[in-house]
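Coordinate analysis (summary)
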Amino acid sequence: MSSGGRKLRILPAMMLTLLTACSIIPGIQPTVAPPSADVVVTGQMDDMMEFYESIRKLPAPELGQVYETVKQKFVGNKSDANRARLVLLLILPNTSFRDINSALHLLNEWPREAQPTTNLQSFRNLLAALLADQQRLHHNVEELSQKLKDEQKRVETLKSQIDAIKSMEKNLILREL
């Protein structure tokens, strides 16, 4: 057998021996990275979305109880999770406690962390931007509604003036006959 063929047979055996030896060495532990902040925040975001889905389906009396409970928890502990839950309740449509201004205030007063932006902070920024835009649109609607009412009054005034002029013309025509 040639020396090249012998080397090809010995090489895999040596590699197998080295790999086996490396796996037996005590004291070398694989390092496991601690969970990053993103994992925790993702968990918080999942919790927030699950919370929203659960409150969205509740009847009004139960929703009122949840609101009071969450509000009390926030007063006792102003954590990000409690703040987010209260904001989600405050922006829920068709509720007696819906308050966009308070929700926007809570979002704007949310402590800003010096760390890179997390998912929960991005969620806060998104909600704040959407609520500010919704508030601006609501004010525009109110202004336009007031303008419409003013125009309707003006139309009624003009209509009554036209009717008065028509009546005067009829009276003049009748006098001339």
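Up top is the structure these notes are about.
The residue numbers shown here count from 1 along each chain, following its written sequence. Reporting in this predicted model follows two pLDDT cut-offs: at least 70 for local features of residues, and 80 or more for side-chain atom pairs to be given and counted; totals over whole chains, interfaces and linings ignore these cut-offs and use all residues. Here the side-chain values reflect all heavy atoms present in the structure, with hydrogen atoms and water set aside.

A few points about the overall build of the protein chain
Helix numbers and strand numbers start at the N terminus; a helix is a DSSP run of H or I with at least 4 residues, a strand a run of E with at least 2. A tally of helices and strands in the protein chain yields six helices and zero strands. Ordering the α and β elements of the protein chain from the N terminus gives α-α-α-α-α-α. Three exposure classes are used, based on accessible area relative to the maximum for each residue type with a 1.4 Å probe and protein chains only: buried under 20%, partly exposed in between, and exposed over 50%. Counting all 177 residues of the protein chain, 21% fall into the buried class. For the protein chain, restricting intrachain contacts to residue pairs at least 6 apart in sequence, the fraction spanning at least 24 positions comes to 53%. Summing over all exposed atoms, the protein chain offers an accessible surface of approximately 13500 Å²; the carbon and sulfur share of this is 60%. In this description, contact between two residues means that some pair of their heavy atoms is separated by no more than 4.5 Å. The Shrake-Rupley method, run with a 1.4 Å probe sphere, supplies the accessible areas, and residue values consider only the shown protein chains as cover.

A word on the packing of helix α5 (residues 100-108) against helix α6 (residues 119-176)
The axes used here are C-alpha line fits, helices contributing only the stretch in contact, and every angle between their N-to-C directions lies in the interval 0 to 180 degrees. Following both chains from N to C, one finds α5 and α6 inclined at 145 degrees, their axes separated by 9 Å at the closest point. In this structure, α5 meets α6 at a crossing whose hand is left-handed. The residues of α6 that touch α5, namely those facing I100, N101, A103, L104, L107 and N108, are R124, L127, A128, L131, A132, Q134 and Q135. Classifying every residue of the contact of α5 with α6 by side-chain character gives eight nonpolar, four polar and one charged. Each crossing gets its handedness from the near helix: less than a right angle anticlockwise from the far helix is left-handed, clockwise is right-handed. The classification used treats Ala, Val, Leu, Ile, Met, Phe, Trp, Tyr, Cys and Pro as nonpolar, Asp, Glu, Lys and Arg as charged, and all other residues, Gly among them, as polar.

Let's talk about the nonpolar core
Soluble globular proteins tend to bury their nonpolar side chains together. The set of buried Ala, Val, Leu, Ile, Met, Phe, Trp, Tyr and Cys residues whose side-chain atoms join them within 4.5 Å is what this entry labels a nonpolar core. In this structure, L86, L89, I91, L107 and L131 are the most contacted members of the largest nonpolar core, which totals 29 residues. Of all the elements, helix α4 (residues 80-90) adds the most residues to this core, at seven residues. Apart from residues no more than four positions distant in its own chain, L89 is found in contact with F51, I55, L63, V66, Y67, V70, T95 and F97.

Looking at the side chain of N82
With respect to the helices, strands and loops of the structure, N82 is situated in helix α4. Polar contact is defined as a pair of N or O atoms within 3.5 Å, subject to the rule that within protein one atom must be able to donate a hydrogen and the other to accept it, and that residues adjacent in sequence are counted only when both atoms are side-chain atoms. At 2.9 Å, the side chain of N82 forms a polar contact with the backbone oxygen of N77. Each residue touching N82, except ones within four places of it in the same chain, is listed here: V70, K73, F74 and N77.

Some thoughts on the packing of aromatic side chains
Any two of the Phe, Tyr and Trp rings considered here, Trp counted by its six-membered ring, make a pair once their centres fall within 6.5 Å; the pair's planes then place it as stacked at under 30 degrees, edge-to-face at over 60, or tilted in between. For the structure shown, the criterion picks out one aromatic pair. Where Y67 meets F97, the ring centres are 4.2 Å apart and the plane angle is 5 degrees; that geometry is what we call stacked. Of the two residues, Y67 sits in helix α3 (residues 60-76) while F97 sits in the loop between α4 and α5, which places them 30 residues apart along the sequence. Judged by its relative accessible area of 12%, F97 is buried. Lysine and arginine charges are scored as sitting over a ring when NZ or CZ, respectively, is within 6 Å of the ring centre and within 35 degrees of the ring normal. Seen from the ring of F51, R85 lies directly overhead, with NZ or CZ sitting 5.7 Å from the centre.

Considering the side chain of R124
Here R124 lies in helix α6. Residues in contact with R124, not counting those within four places in the same chain, are L107, W110, P111 and R112.

Focus on unusual backbone geometry
If a residue is not glycine, its phi is most likely negative; likewise, a peptide bond is most likely trans. Here the phi dihedral of N94 falls at roughly 60 degrees; this positive angle occurs in a residue that is not glycine. Along the chain, N94 falls in the loop between α4 and α5.

Here we look at the environment of L106
Assignment of secondary structure puts L106 in helix α5. For L106, a relative accessible area of 11% translates into the label buried. Distance in space between the C-alpha atoms of L106 and V87 is 7.0 Å, their sequence separation being 19 residues. Excluding anything up to four places from it in sequence, L106 contacts F74, R83, L86, V87 and L90.

As for the packing of α4 against α5
The interhelical angle for the contact between α4 and α5, taken along N-to-C directions, is 155 degrees, at an axis separation of 9 Å. The angle between the axes of α4 and α5 places the two elements in the roughly antiparallel class. At the point where α4 passes α5, the crossing takes the left-handed sense. On the side of α4, the interface is formed by R83, L86, V87 and L90, while α5 contributes I100, S102, A103, L106 and L107. In the contact of α4 with α5, the residues fall into seven nonpolar, one polar and one charged. An angle counts as roughly parallel when it lies under 35 degrees, as roughly antiparallel when it exceeds 145, as roughly perpendicular when it falls between 65 and 115, and as oblique in every other case.

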